[in-house]
Amino acid sequence: LYMKDREEFWRQMDELFGLCRERNIRLIPSLSIFATWAGYHGEYKNAILDPTSKTYASTYGYVREFVTRCRDDPVVLLWELHNEIFLHADLNHTGRKPKFAALYPPGTRGHRLEPTTIEDYYTTEMLTRVCADMTRFIKSIDPNHLVTTGDAHPRDCSKSLRENWPKHVWTFDTIEEHCDSLLLQQARPLDVISLHVYGNFGTRYKVDNLPIVDYARGMIRAAHADKRPVLIGEFGQGRKRFLKDDPGAEWFLKCFDMFGAEGVSLVTLWTVHFPWQKKDFNIPDCAAHPAVFERLRRFNEDHVAPLVPSNVQGK
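Residues numbered from 1 in each chain as written. Predicted model: local features only at pLDDT ≥ 70, side-chain atom pairs only at ≥ 80, totals over all residues. Heavy atoms only, no water.

### Considerations on the environment of L161
Now for step 1: Within the secondary structure layout, L161 lies in helix α5 (residues 158-164).
Now for step 2: With 71 residues separating them in the primary sequence, L161 and D90 have C-alpha atoms 5.8 Å apart.
Now for step 3: When neighbours within four sequence positions are excluded, L161 is seen to be in contact with D90, L91, R155, K167, H168, V169 and W170. (Helix = DSSP H or I, 4+ residues; strand = E, 2+ residues; numbered from the N terminus. Contact = heavy atoms within 4.5 Å.)

### What about the packing of helix α1 (residues 6-22) against helix α3 (residues 54-70)?
Packed helix pairs are characterised by how far apart their axes lie and by the angle those axes make with each other.
Now for step 1: Following both chains from N to C, one finds α1 and α3 inclined at 40°, their axes separated by 13 Å at the closest point. The angle between α1 and α3 places the two elements in the oblique class. Seen from above, α1 lies across α3 with right-handed handedness. Listed contacts from α3 to R6, F9, W10, M13, D14 and F17 of α1 are Y62, E65, F66, R69 and C70.
Now for step 2: A per-class count over the contact of α1 with α3 returns 7 nonpolar, no polar and 4 charged. (Axes fitted to C-alpha atoms, helices over the stretch in contact; angles between N-to-C directions. Parallel < 35°, antiparallel > 145°, perpendicular 65-115°, else oblique. Left-handed = near helix turned anticlockwise from the far one by under 90°. Nonpolar A, V, L, I, M, F, W, Y, C, P; charged D, E, K, R; others polar.)

### Quick look at the packing of aromatic side chains
Now for step 1: Scanning all chains against the criterion turns up 20 aromatic pairs.
Now for step 2: Centre to centre, the rings of F34 and Y122 are 5.5 Å apart; their planes meet at 75°, and the pair counts as edge-to-face. With F34 in the loop between α1 and α2 (38-41) and Y122 in the loop between β1 (79-80) and α4 (124-141), this residue pair connects regions lying 88 residues apart in the sequence. Taken individually, F34 and Y122 each receive the classification buried, so the pair is uniform in this respect.
Now for step 3: Residues F235 and F252 carry aromatic rings whose centres are separated by 4.3 Å and whose planes lie at 40° to one another, so their mutual orientation is tilted. Taken together, the residues F235 in strand β6 (residues 230-237) and F252 in helix α9 (residues 250-262) connect sequence positions 17 residues apart. The pair formed by F235 and F252 is uniform in burial state, with each residue classed as buried.
Now for step 4: An aromatic cluster is defined as three or more aromatic residues linked by ring pairs; in this entry it consists of Y2, F9, W10, W37, Y62, F66 and W79. (Phe/Tyr/Trp six-rings, centres within 6.5 Å; stacked < 30°, edge-to-face > 60°. Buried < 20%, exposed > 50% of the residue type's maximum accessible area, 1.4 Å probe, protein only.)

What follows is the structure, given as structure tokens:
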């Protein structure tokens, strides 16, 4: 919509911000800095690294416009660069047919049917360079808000993939190697370490075969050892359905205990009800699991100031 009708895009964005302001909700806008504009301009995905490219100009132009427009709005809590970008690090699938072609107009590179090339993929070094440059750019416009990547975590084979690029070598990290990858990927000047946590009592992560709660605890401690706050940008119960396998949401509540004990700064739930994730990640509504939503509310009330102080709400 931004590319087709910019005025309408901002009208709808202003409406969204207004609704959040009315309901005392704060937002973490995700700026989607990687590959979004390459598809429109007939350029390869890593054109964002080229300051002379149309992708670079459009990406930085959009970020400048968004941040300048919204930097003084109290709805903004912090800025996110992209969703889970480092899960794409050091993957080389040259020759594949492009995905998501329908998102782009016919005739653009994002809509192309020809196989991908090496220029459509990113190394860790490329991604960290763009993240650092964009973070500094955002802070030059808005020095008053923190910036995070919006990432999930490194891939479970992050070290071997990074060291063997462009070949794929799938050797599982140790937890120590994995924590090193986390701090490498989300290095300063990024302010906030972003993690996404999904699981249940039965799942283990392939890094040292750790239960998900223990794995997440290790990552949180690594971030805090680096003296940076932690955002759990997505939190959900995966692979087993609430009502069948954990009707009391005990795994969720155990995670919240851990988040509190480890000093996590903010937790957000993955709550969108998509038909394609019905069996895995959809969270039942508040009537089904009031304990989950009440626990989330209390946790974040302790960590995030409201838009309007409680003593003047409604006035």
